[in-house]
Each structure stands twice: as structure tokens, then as C-alpha cells.
Amino acid sequence: MIQRYPTNKIYVGNVPIGGDADIPVQSMTFSKTHDVASTVEQIRRLHFAGCDIVRVAVPDYEDAHALKSIKEQIKLPLVADIHFNYRLALIAAQVVDCIRINPGNIGEKSRVKEVVKACSERNIPIRIGVNSGSLEKEFDTKYGPTSKGMVESALYNIKYLEDLGFTNLKVSLKASDVERTVEAYRMLRPLTSHPFHLGVTEAGTLFHSTVKSSIALGTLLLEGIGDTMRVSITGELEEEINVARAILKDSGVAKGGVNIISCPTCGRIEADLVKAVAQVEERTKHIKAPLNISVMGCVVNAIGEAKHADVAIAYGKGQGLVMRSGEIVAKLKEEELVERFLEEVEKAAKEMQNNG
Ligand code: SF4
């Protein structure tokens, strides 16, 4: 049983973060934010894929002024990502549900004070987003882009805002590799009660990001660290959400959704298992019930796995079995098995939902 570190609960729009809340998944659009139509379209795609909170970059005034129109057309809570120019944060704070800044790169304290005042007036949180590649000069000079440098920067920025009486905060400490990321979050966790936004930054393609994010975020989640997360992928928007959801599920943090058990295949295989599992994965994505389903290439381990699975397929020579909780419900030709199996999966999901 994972024991989560106790943290403050904050709200980004209607989505709670920290405390006893579920861990929401975040992502970011890659359109020019001032291209409202494209940005709204990307946000809708993310929403459909299961994203809980979306962030957009706000590098200039045209982007800041587009936020109102974007916000009016979407349902997801909206976060504005701002660097250097506090006036952009002041415009964004009138509209969005959270601001991501580094107080240290906003400049004079009087400017940060104004941003804090604007966020306080609308009761919206600020994410202190520390990145190893853009530490304030003093920390970079003293520590370099290390986990220690990231933690010192975060502590400085947290204090900066707390001294202004502002505690509606979450914090991220992102590096582009697993070791510094994990180390930084571990070091900071006992030093503050603000919720953490987890992520590995610039993590690369789907393949590399999935590996890095699974190791880093999986490790932290298993240690009870992390209150919201983003998986950064150079790729399709939906992939970020799929990988994040899988990390939450496979680390045991999130209970819902299908867990597919499939064999690695070997010389005993009796069917095109790769094709069958791909089909099953695609067509069970929408299921929220916590089902274990198994798809096995021959009878050697299939019957044993099927006993522990809610629904299972065991392939044999040109035919196979569909099983429910270890009991055979159908014996069919190979080409009929997947459809019958999926029917049984849908039935099991419905029954599970009806039984609460
Ligand atoms: S279930 Fe059968 S095909 Fe799959 S790995 Fe085991 S022995 Fe090989």
C-alpha cells in the first residue's frame, strides 16, 4: 500500500491537487497560443484522451490576449506558462485557472507582488516551475544544473511567495534525466508541504520518454511523492496522456482501467498474438472498470493466468478458449475468439460498474 506524503490541497479550476485527491494528468498544447482555433482543437483532443488540466505557453501579448477566447471554448482547467514578463502574467491571471512562473525570473519583488495580488484576487494557484536548464544565475553559478541547485532554487522561490503571504502553490523540479529529477523531488519533499507536479523535462520521443518517465515518475509515485504529473513527449498529444495514465495504473496509484496480461510469445505460440493483443488494447482503452484480462499464446500458462484474470483467452491449434474467472465460457475457432472475448470484457466491465 503506497503511503502518500501529506500535502496541502489546492484547486486548479475544479480539479483538486494534493491532500487525498486523485493524481490529475496534465499536458500542454504545441500550437501558437494566439491561433485560438488550433489551440482549442488541441485542448479538445487532450480532453477527449483523458487529460485533466491543460497548459498553454504565453510568450507575448497576442498570446495573453487570446486566453479569454480559449477559456470560453474549453472545459478543461487552463494554466498559463509565463517567463520573464510579469505583465503577461497579470493579463493571464484575469482569465486562467493557474499561472506557472518562476518568481526568480520575473524580476523585482514589486512585480512578483503584483502577480501574487492578481492571483490572490481570483484565488488561483501559482506553480513554481524549476527546470535544471534555467536556474537563476546565483544557483546555477553556485551549484550548476544539479538537483541541489534545483532544490535551492525551489526553496528560494517558495519563500519568496510565502513572504508575500501567498501559499496557494505547487512546485515542480524537472531535469531531463531520471537521476537528477528523482533526487531533487526526494530532497525537497520533507522540506515543504506544497503539492508536487512531477515530470521529466525534454524527455524525448515516445520510446525514450516512456522509459525515462516510467522510471522517474514510477519511482517517486511508489515512494508516495507526487500530486499531479505530466509526461513530456516529442510526439502526438494523446500519447502523453496514454503514458501518464499507464504509469499511474501500473504503479498501483490509480485503480481504474484495464490491466492486460499477455505472454511474450515463444516457439509454442498457436496464433498471431501480436495482432490480437494490439486489437484488444485499442478496443479496451475506454473501459474504466479495474479489470484484469489475459491474452496468452498457448495453453502452457494460459489456464493458470486465466484463473486470476476476470476474462481470458487461451489459444490452441486453430481454436481456443474464452474464460471468465477461470471458467470456460466459449470454445471457438481462432478467427472468432477476439470478438467473443471483447464481448465478455464489456459484459464484465458493466457488471463491475453496476456492482459499484
Ligand atoms: S503462453 Fe505459450 S506461447 Fe506464450 S510464452 Fe508461454 S509458452 Fe510461449
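Procedures and definitions
Residues numbered from 1 in each chain as written. Predicted model: local features only at pLDDT ≥ 70, side-chain atom pairs only at ≥ 80, totals over all residues. Helix = DSSP H or I, 4+ residues; strand = E, 2+ residues; numbered from the N terminus. Buried ≥ 20, exposed ≤ 12 C-beta atoms within 10 Å, placed from the backbone. Contact = placed C-beta atoms within 7 Å. Near = placed C-beta within 6 Å. Nonpolar A, V, L, I, M, F, W, Y, C, P; charged D, E, K, R; others polar. Pairing = 2+ DSSP bridges. Axes fitted to C-alpha atoms, helices over the stretch in contact; angles between N-to-C directions. Domains from an automatic or database assignment. Parallel < 35°, antiparallel > 145°, perpendicular 65-115°, else oblique. Left-handed = near helix turned anticlockwise from the far one by under 90°. Expected span 1.5 Å × (residues − 1). Arc of directions from axis to C-beta. Core = buried A, V, L, I, M, F, W, Y, C linked by C-beta atoms within 7 Å.

Participant: How would you summarise the overall build of the chain if you had to cite specific residues and measurements?
Facilitator: Within the chain one finds 13 helices and 15 strands. In terms of its C-alpha atoms, the chain occupies a principal-axis envelope of roughly 75 × 40 × 35 Å. With 356 residues in all, the chain has 44% of them scored as buried. Of all intrachain contacts in the chain linking residues separated by at least 6 positions in sequence, the fraction that spans at least 24 positions is 62%.

Participant: Can you tell me about the site of the ligand, naming the residues and giving the values?
Facilitator: In the vicinity of the ligand, the contacting residues are C263, P264, T265, C266, R268, I269, M296, G297, C298, V300, N301 and A302. Sort the elements by how many residues they give to the shell around the ligand and helix α12 (residues 299-308) lands first, with three residues. A breakdown of the residues in the shell around the ligand according to their chemical character gives eight nonpolar, three polar and one charged.

Participant: Describe the sheet that holds strand β15 (residues 327-333), listing the residues and the values that go with them.
Facilitator: The strand order β11-β12-β13-β14-β15 describes an open sheet built from five strands, whose pairing is mixed. Bordering the open sheet on either side are β11 (259-262) and β15, each of which pairs with just one other strand. Strand after strand, the sheet turns through a mean of 20° between neighbouring axes, direction not considered. In the sheet, strand β14 (residues 319-324) pairs with β15 via six bridges, with the strands oriented antiparallel. By the bridge assignment, Q319 is partnered in β15 with K333. Against the sheet, helix α11 (residues 273-284) touches β11 and β12 (292-296), its axis set at about 175° to β11.

Participant: Which residues make up the domain arrangement of the chain, and what values go with them?
Facilitator: Domains assigned within the chain are domain 1 (10-250) and domain 2 (259-354). Taking the mean C-alpha position of each, domain 1 and domain 2 sit 39 Å from one another.

Participant: Help me get a handle on the packing of helix α1 (residues 36-49) against helix α2 (residues 61-72), residues and values and all.
Facilitator: Where α1 contacts α2, the two axes come as close as 10 Å, and the packing angle between them is 45°. Accordingly, the angle class assigned to the pair α1 and α2 is oblique. In this structure, α1 meets α2 at a crossing whose hand is right-handed. Between α1, through V36, T39 and V40, and α2, the contact on the second element is made entirely by A66, S69 and I70. When the residues that make up the contact of α1 with α2 are grouped by side-chain class, the tally is four nonpolar, two polar and no charged.

Participant: Please provide a residue-by-residue account of the environment of S31, values included.
Facilitator: Inspection of the secondary structure puts S31 in the loop between β3 (25-28) and α1. S31 gets classed as partly exposed once you count the C-beta atoms within 10 Å, which come to 16. Residues S31 and L222, spaced 191 residues apart in sequence, show a C-alpha to C-alpha distance of 34 Å.

Participant: So what about α1? Which residues, and what values?
Facilitator: The first and last C-alpha atoms of α1 sit 20 Å apart over 14 residues, in line with the 20 Å expected at 1.5 Å per residue. Those residues of α1 lying buried are T39, Q42, I43 and L46. End-on, the buried residues of α1 take up no more than an arc of 100°, which puts them together on one face. Opposite the buried face of α1, at more than 90 degrees from it, the exposed residues are A37 and F48.

Participant: Kindly report on the environment of K137, identifying the contributing residues and their values.
Facilitator: Along the polypeptide, K137 turns up in helix α6 (residues 137-143). Accessibility expressed as a C-beta count within 10 Å gives 9 for K137, which makes it exposed.

Participant: I'd like to hear about the sheet that holds strand β10 (residues 228-230), residue by residue, with values.
Facilitator: Reading across the sheet, the eight strands line up as β8-β7-β6-β5-β4-β3-β10-β9 and stay open at both edges, with parallel pairing between neighbours. Taken across any chain shown, the strands that pair with only one partner, and hence form the sheet edges, are β8 (169-174) and β9 (197-198). Summarising the sheet, strand β4 (residues 53-57) and strand β5 (residues 78-81) pair through four bridges and their orientation is parallel. Bridge assignment links R55 to a residue of β5, and that residue is V79.

Participant: Describe in detail the nonpolar core, supporting the description with residues and values.
Facilitator: Membership of the largest hydrophobic core comes to 73 residues, with the highest contact counts inside it found for A92, I99 and V115. Residues in contact with A92, not counting those within four places in the same chain, are V58, A64, L67, A80, I82 and I99. With 27 residues, the next largest nonpolar core counts C298, A302, A312 and A349 among its residues.

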